[in-house]
Structure formats: structure tokens, C-alpha cells
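Secondary and tertiary structure notes
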Amino acid sequence: MGSVSKLYLLVSLMACSVLLASAAGNFYQDMDITWGDGRGKILDNGQLLTLSLDKPSGSGFQSKNEYLFGKIDMQIKLVPGNSAGTVTAYYLSSQGPTHDEIDFEFLGNLSGDPYTLHTNVFSQGKGNREQQFHLWFDPTADFHTYSILWNPQRIIFSVDGTPIREFKNSESIGVPFPKSQPMRIYSSLWNADDWATRGGLVKTDWSHAPFTASYRNFNANACVATSSTASSCAAKSKASGNNAWFSQELDSTNQKRMRWVQKNYMIYNYCTDKKRFSQGMPPECATANLS
């Protein structure tokens, strides 16, 4: 990383304090239900959150805090049964036309057919970096942990502790990387039957409504963006014993686990879609950022 980039990163970290949350959060304290007219509910003294979708409306929530780097975990149990046409989105995002975004989206399907886990990374308003997976378990039968690790060097998507995707910082070859815009956590359950299931061929069956997704055990070990502190997230991260995420990378064991997932469960990778990028592949696809 060049001296200008290091200075830019340091400035971007100067408005961060470190939140070290080792225990599961409380949804009353951590989240705001933002839409849905009562279809989003916080239950069990703040330990459980549910989103519901029926024909008039879906629902959604967002975090009270904004984060600049961190490790974010959420346990989610997806819509069971015939979930075709529905999308459960869980992501980090900033705002504006040059926003950054790190996406998990779960695309529903007919009963017995697998969900599609859709991932994407936006930097400075540009996305088109999709990778899609099937899962090696039924994500509707129980809660599973979906994690985003975001530090200045890489973004790692994980499921139950198994990495499925890594997006590395490739600024050295001109690829923007999310590093200066704080992002909130968002989640929503909504109807997308114009595209979500088999390209829109399978529509939502409203006789199965309401559709419900459930959330628990939110944990954010992360830099919380504030306007009142001049302390450096980087310095605090190094001083604390609970944020190895700030410099974490995949060791050889986790690289092998990720390759296993990608070999057996990946169903789409933008870096291999030569037809889509007939004028030239994205530059990061020529590097080890294929993962």
C-alpha cells in the first residue's frame, strides 16, 4: 500500500471507536425495524427478531450503528417450505451514488429445491461482482451463522465458520476497495418474483404467506463510526486482544475449506463469465481474487 493510500486509510479511521462485543447482542439495543407496518418484530426480550412478508408488504431492519471494518455475525433461519419468489437480504451498505456494499442475499425456491446464496461486493457504487452458491445443509431447518469479515486488506464471507468467498484489496491494479465509508447492517424480506427464482419463471405462491425469516445472536466486533472521537481504530485494534479480525487472513486450512465449498457448491462466478464480460474481464479476475 502506497504512502498516499496509507494516509487516506488513517484519516478514514480517525472517526472510529472500537466496539468489542463478545456476547450476543440485544436487538432492542442494536437494531431499528424500519419498515413493514408491524411485520418486523423483536421478541424474547430482544433475543429474537423476525421479518415477515405477505402480499401487501415485506419488512426490514437496520443497525443503529455504522461500522468501518469489523467482523459481523448473525444467525438466521430462512423462510421454510415454498419460498419461491422471496429474497432475504442481509448486508452492509453505505449511502449515496458511490456507496459501498457487502451482500448476502438468499433467493428462495420451491419446496425441496435448494436456496441460492447470492454474494456481491460494491465499491464506489460499482458492483457486478456476483458469486452464487448452494448450501450443504437445509438453511430453513435451524439457525446458521452468516459472517462478514471486513478489514483493510480483504472481505471474507463465511457460513458457520467456513469461508466461502474472499474479495481482496486490489487497489494496486486500480480496483476500488471499500475502506472509507462507514456502513450500516441492513436486512429485509421482500418479494422479487420477477427475477429471484429461475430468472422469474417461478412466481410467489401467496397461499403460503406470511413468509417469515428469523434472526438471533447478532454480534459485531467492529469499529463503530462516531463523530466525537479522534481515536484511531487501527491503533485500538492492535492494542486490544479481541479484534484479530483487523489483520486476519485465511490460513492454509481455511483456504482448503473455501476451495472445497467453491468446487462443490459454487454455481456462478462472475470471474469465469466470459460471455458477460466479452469486452474484457474485470481486472481483479486476473489475480488471486478469483476466490
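Notes on the structure follow. All of these numbers come straight from a predicted model, not from anything done at the bench.

Bringing the overall build of the protein chain into the picture now. The helix and strand inventory of the protein chain stands at four helices and 16 strands. Looking at the 291 residues of the protein chain, the share that counts as buried comes to 53%. Put simply, of all contacts in the protein chain between residues at least 6 apart along the chain, 69% involve residues at least 24 apart. Carbon together with sulfur atoms contributes 51% to the accessible area of the protein chain, which is approximately 13,000 Å² in total.

Let us now look at the packing of aromatic side chains. According to the stated counting rule, one finds 17 aromatic pairs in the structure shown. Arranged with centres 4.8 Å apart and planes meeting at 70°, the rings of F106 and Y146 form a pair that is edge-to-face. Linking F106 in strand β8 (residues 101–107) with Y146 in strand β11 (residues 144–150), this pair joins segments that are 40 residues apart in sequence. Here F106 and Y146 have matching classes, each one buried. Pairing W136 with Y265 gives two aromatic rings, centres 5.7 Å apart and planes at 55°, and the pair type is tilted. With W136 in the loop between β10 (131–133) and β11 and Y265 in helix α4 (residues 252–265), this residue pair connects regions lying 129 residues apart in the sequence. Y265 sits in the partly exposed class, given a relative accessible area of 22%. An aromatic cluster of at least three residues, connected via ring pairs, comprises Y90, F104, F106, Y146 and F157.

Looking now at α4. In this model, α4 (14 residues) spans 20 Å end to end at C-alpha, consistent with the 20 Å of a helix rising 1.5 Å per residue. Those residues of α4 not exposed but buried are N254, M258, V261 and Q262. The buried residues of α4 occupy an angular sector of 95° when projected down its axis, which confines them to one face. α4 presents K256 and K263 as exposed residues on the side facing more than 90 degrees away from its buried surface. Check the buried side of α4 and you find it contacts β10, β13 (162–168) and β16 (266–269).

This part covers the nonpolar core. M74, F104, Y146, W150, I155, Y215 and F218 are the most contacted members of the largest nonpolar core, which has 58 residues in total. At eight residues, strand β15 (residues 211–225) tops the list of elements feeding residues into this core.

Quick notes on the rules
Residues numbered from 1 in each chain as written. Predicted model: local features only at pLDDT ≥ 70, side-chain atom pairs only at ≥ 80, totals over all residues. Heavy atoms only, no water. Helix = DSSP H or I, 4+ residues; strand = E, 2+ residues; numbered from the N terminus. Buried < 20%, exposed > 50% of the residue type's maximum accessible area, 1.4 Å probe, protein only. Contact = heavy atoms within 4.5 Å. Areas by Shrake-Rupley, 256 points an atom, 1.4 Å probe, with all protein chains shown as cover. Phe/Tyr/Trp six-rings, centres within 6.5 Å; stacked < 30°, edge-to-face > 60°. Expected span 1.5 Å × (residues − 1). Arc of directions from axis to C-beta. Core = buried A, V, L, I, M, F, W, Y, C linked by side-chain atoms within 4.5 Å.

Any functional reading would require information beyond the geometric quantities listed.
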